[in-house]
Amino acid sequence: MRSDLVGLKPYGAPHLDVPVQLNVNENAYPIPDVVVESMRSAVDGHFAGLNRYPDREFEDLRGHLVSYLDGVNRRAGGAVDLSPEMIWAGNGSNEVLSHIVQAFGGPGRTVLGFTPSYSMHPLIATGTGASWQSSARNDDFALDADAVGAEVADVDPDIVFLCTPNNPTGTSIGLDVIEAAYDNCSGIVIVDEAYAEFSRPARPSAMTLLAGRPRLVVSRTMSKAFACAGLRLGYAIAAPELIDVLRLVRLPYHLSDITQVLACTALEHADVLLDNVDRLIDSRDRISQHLRDVGFTVFPSDSNFVLFGNISSPQTLWQRLLDRGILIRDIGITHHARVNAGTEVETTAFLRAIDEILGEDPGILLPAG
Ligand SMILES: Cc1ncc(COP(=O)(O)O)c(C=O)c1O
């Protein structure tokens, strides 16, 4: 075993089969029937051809992603000139991120992130043999452009990770923060926008900064807003020269034919699949309001989950909810926990359970002051 991997912990939230699962930021709603039917008939014609390798360059999928993203940018009021050569895709955005870090990280290189953030960023970095450096966010988990610019200039990383909306805090950053990171280093700046579709009002994507910034790359996923976590499809947008380099590190034919067909079908039904985003935003806002009303601190969320604090013991709260069949995430931040926006029914069950638990044991909240 490589000595630099000794002592590292693999990624893994507890996977427990309970009725209300609000712990891994999935979309709470299943794929609507009309999309299931389209997916079924789309794959039907592809079984006999599985003797052949799939399209290595996933050209049809690239075209579908460009059409979807053009719509996203138009609605957010930002003009972005996208082309298929600017698109990369992989089996989940985790794989896309690992392609980028394999190509631009590796032994002797430094990757910088602003924590708390997505726990896979350091694992992906160290997995390539790069060294991970983390810089702490402000007390309210926000980031400001001056501080980020100064930190990036100081560390001079080969890769910077920025995540917006950020997991696990739900908070967003302005485009000025991304510009500051880019302007203060000569490395690759990755903006992880896994939850971007849950921002209301829609914020302009870091894609709007791509023109003239060949070291900037934006990653996104179909696992969250598109409700396709089980499909495994993530993608990245960057200058064609950067995307071209990723072809050196991916394994041949990394995207199966079935994955490509199902992802294209899902993108053709983007409007139906994204219909539930507004419902999830309502649930998220309901959770935020209720938790705030009963005395927790709540961080403004642009995602499909809520980080809340002022908890005396997150482990105790986690266990009491689990006793009631509800799974949330103890993300290891002292006095904080994270909960997903569920369906309306799941959200009601969670909020009722919170009220019951507080009724039985008000000490779940930290003492005032
Ligand atoms: C910030 C962030 N990025 C990327 C991912 C990876 O998602 P996937 O590999 O399913 O696309 C996640 C998953 O939770 C995430 O929270």
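How each quantity is defined
- Residues numbered from 1 in each chain as written.
- Predicted model: local features only at pLDDT ≥ 70, side-chain atom pairs only at ≥ 80, totals over all residues.
- Heavy atoms only, no water.
- Helix = DSSP H or I, 4+ residues; strand = E, 2+ residues; numbered from the N terminus.
- Rg over C-alpha atoms; globule rule 2.2 N^0.38 Å.
- Contact = heavy atoms within 4.5 Å.
- Areas by Shrake-Rupley, 256 points an atom, 1.4 Å probe, with all protein chains shown as cover.
- 1 Å grid on protein atoms, 1.4 Å probe; cavity = no way out; pocket = protein on both sides within 12 Å on 5 of 7 lines; lining within 4 Å.
- Points joined across faces, edges and corners; volume = space filled by probe spheres on them.
- Nonpolar A, V, L, I, M, F, W, Y, C, P; charged D, E, K, R; others polar.
- Domains from an automatic or database assignment.
- Near = heavy atom within 4 Å.
- Polar contact = N/O pair within 3.5 Å; in protein donor to acceptor, adjacent residues only side chain to side chain.
- Sits in = over half its atoms within 2 Å of the grid points.

Asks: Help me understand the overall build of the protein in this model?
Replies: Helix and strand content of the protein: twelve helices and twelve strands. Since a compact globule built from 369 residues should have a radius of gyration of about 21 Å, the 21 Å found for the protein is in line with a globular shape. For the C-alpha atoms alone, the extent of the protein along its principal axes is close to 60 × 55 × 50 Å. Counting contacts in the protein only where the partners sit at least 6 residues apart, residues at least 24 apart contribute 76% of the total. About 16,000 Å² of surface is accessible on the protein, with carbon and sulfur atoms providing 51% of the total.

Asks: Is there a simple way to think about the environment of Asp-244 in this case?
Replies: Inspection of the secondary structure puts Asp-244 in helix 7 (residues 240-246). In this structure, the C-alpha to C-alpha distance between Asp-244 and Met-86, residues 158 residues apart in sequence, is 8.7 Å.

Asks: Would you mind going over the layout of surface pockets with me for this structure?
Replies: A probe as big as a water molecule, rolled over the atoms, marks out the empty space that is left. Here the largest pocket defines a volume of roughly 830 Å³. What lines the largest pocket is a set of 38 residues, among which Tyr-11, Tyr-118, Ser-119, Asn-167 and Arg-329 lie closest to the centre. Taken together, the residues of the lining of the largest pocket break down into 19 nonpolar, eleven polar and eight charged. Lining the lining of the largest pocket are residues from two domains, each supplying at least three of them: domain 1 (17-30 + 274-364) and domain 2 (33-268).

Asks: What am I meant to see in the site of the ligand here?
Replies: The environment of the ligand is formed by 13 residues, the closest being Ser-93, Asp-192, Tyr-195, Thr-221 and Ser-223. In this structure, Arg-232 approaches the ligand through a side-chain N or O atom, which is 2.8 Å from an oxygen atom. The cavity that encloses the ligand is the largest pocket. Its residues placed into classes, the shell around the ligand shows four nonpolar, six polar and three charged.

Asks: In this structure, what is going on with empty space enclosed by the protein? I would like to understand it.
Replies: For the coordinates displayed, the defined rule picks out one cavity of 30 Å³ or more. Reported here for the largest cavity is a volume of approximately 40 Å³. In this structure, the largest cavity is lined by Gly-113, Phe-114, Thr-115, Ser-117, Tyr-118, His-121, Pro-122, Trp-132 and Phe-161. Elements supplying a minimum of two residues to the lining of the largest cavity: strand 3 (110-115) and helix 4 (120-127). By residue number, the principal contributor to the lining of the largest cavity is strand 3, which donates three residues. Taken together, the residues of the lining of the largest cavity sort by class into five nonpolar, four polar and no charged.

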